[in-house]
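So you can see what is in the structure, the chains are spelled out below.
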Amino acid sequence: MKISSEPQIAFSRLSAEGLRAINKLLAGVSSDHTRRAYTRDLMYLTAWKRLRFDADLAWPESQDVVLAFVQDHTIDLVGRPKTDRAVATATTLIEHGLRRSLARPAPTTLNRCLAAWRTFHRLRNLEDPFGTPSVRQARAEARRLVTRHANSKSAHPITRDVLEILLSTCTDSRRGSRDRAILMLGWASGGRRRSEIVSLRREDVDLKDFEQNDLIWLSPPDTRIGDASPQLVLKGRAARALVQWIEIGEIEDGPLFRPISKADRVLPRQLSPDAIYQIVKRRLKLAGLPGDYATPHGLRSGFLTQAALDGTPIQAAIQLSRHQTLAQAQRYYADVEMADNPATDLLE
């Protein structure tokens, strides 16, 4: 199977020499399944390097290019400036369906692409740029980040009672109004992820039904697939808290949630996902709870746990939480049901 020279993003600016090199590499692969997998990875690698360095893949590749690839696929690009080269590259890849979102890709994506890249170097007996100390160190850091991410699940769910305690620490200042709106939106709209909260823009907030019904329609992008998703609803206190922040923060367009300077000025850029973590941590401490009592994921797990405690059908809850499968949300319901199981009281 030859790589077409039709104007695909991955190969639209690929030189004739680069095209021949890729076809030559694929010619040595006998399995159709493996050939398809390698074609996909080479397409991605070629597109990434063309966009990032305006050059074709080199054989052997330089350590600096490999290092940049590892770094670009290790960090979370959500919230970083659009002028950042890694962000600009990823954005174009998303537009052409080669990358899902600006969020940090799954470790398997990085590992698979590197494995294919390295295999082609070995097949041609080329110098290996993948085992240098710098690349090994970057990959070790990637593994550490994955471990931290895996451990970032909240130690405790932020159920309604805990949320109320956190909200009690929020004053009507700009910072207090912003944090109140973040906490209430993050919880009441179904337990939004950090990346979803910070990616919201003023244009995603529809206030047409607010004055009459205390109701706001939200159209957040799905940060996992880089696409628009069905609208969500924010009602009552949560809706009023968001409107208060929009008015106090004078948010007319652009990022919905923004940093606030020490001089109490609302800055034009959007918050980073880490800022949501710091906001939750600060509110926990102000409420007299340990800073590590919960993480932003506690808003998500707390929403589902509270839904289970209140007897809300799980199908209704995941309409808001947007869990991809029933099984992903079921464990929160299972934990609550187990606690209420009369068999647990047999020793009473």
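Quick notes on the rules
- Residues numbered from 1 in each chain as written.
- Predicted model: local features only at pLDDT ≥ 70, side-chain atom pairs only at ≥ 80, totals over all residues.
- Heavy atoms only, no water.
- Buried < 20%, exposed > 50% of the residue type's maximum accessible area, 1.4 Å probe, protein only.
- Helix = DSSP H or I, 4+ residues; strand = E, 2+ residues; numbered from the N terminus.
- pLDDT = per-residue confidence, 0-100.
- Contact = heavy atoms within 4.5 Å.
- Phe/Tyr/Trp six-rings, centres within 6.5 Å; stacked < 30°, edge-to-face > 60°.
- Arc of directions from axis to C-beta.

Undergrad: Just give me the short version of helix H3 (residues 63–72), but keep the residues and values in it.
TA: Burial analysis of H3 places 7 of its 10 residues in the buried class, the great majority of the element. For H3, the set of buried residues is Val 65, Val 66, Leu 67, Ala 68, Phe 69, Val 70 and Asp 72.

Undergrad: Now, about the confidence of the model for the chain: what can you tell me, with residues and values included?
TA: Scored by pLDDT, the chain has a mean of 82; 80% of the residues are at 70 or more. Mean pLDDT across the elements of the chain bottoms out in strand S4 (residues 227–228) (49) and peaks in helix H8 (residues 174–188) (97). Low pLDDT, under 50, characterises residues 223–227; the stretch is placed with 13 contacts to residues that sit more than four places away or in other chains.

Undergrad: Could you give an account of the packing of aromatic side chains, with specific residues and numbers?
TA: For the structure on display, the rule yields 7 aromatic pairs. For the pair Trp 48 and Phe 53, a centre-to-centre distance of 5.7 Å together with 70 degrees between the ring planes defines the contact as edge-to-face. According to the relative accessible area criterion, Phe 53 is partly exposed, its value standing at 35%. Between Trp 59 and Phe 120, the aromatic rings sit 6.4 Å apart at their centres with planes inclined by 85 degrees, giving edge-to-face as the arrangement. With Trp 59 in the loop between helix H2 (32–53) and H3 and Phe 120 in helix H5 (residues 107–123), the pair connects residues that are 61 residues apart, well separated along the chain. In this pair, the class of Trp 59 matches that of Phe 120, namely buried. Taken together, Tyr 44, Trp 48, Phe 53, Phe 69, Trp 117 and Phe 130 form an aromatic cluster joined through their ring pairs.

Undergrad: Tell me about helix H7 (residues 160–167), residues and numbers included.
TA: By the burial criterion, the buried members of H7 are Val 162, Leu 163, Leu 166 and Leu 167. Each buried residue of H7 lies within a common arc of 140 degrees when the element is viewed along its axis, so the set occupies one face. The elements touched by buried residues of H7 are H8, helix H11 (236–248), helix H12 (273–286) and helix H13 (297–309).

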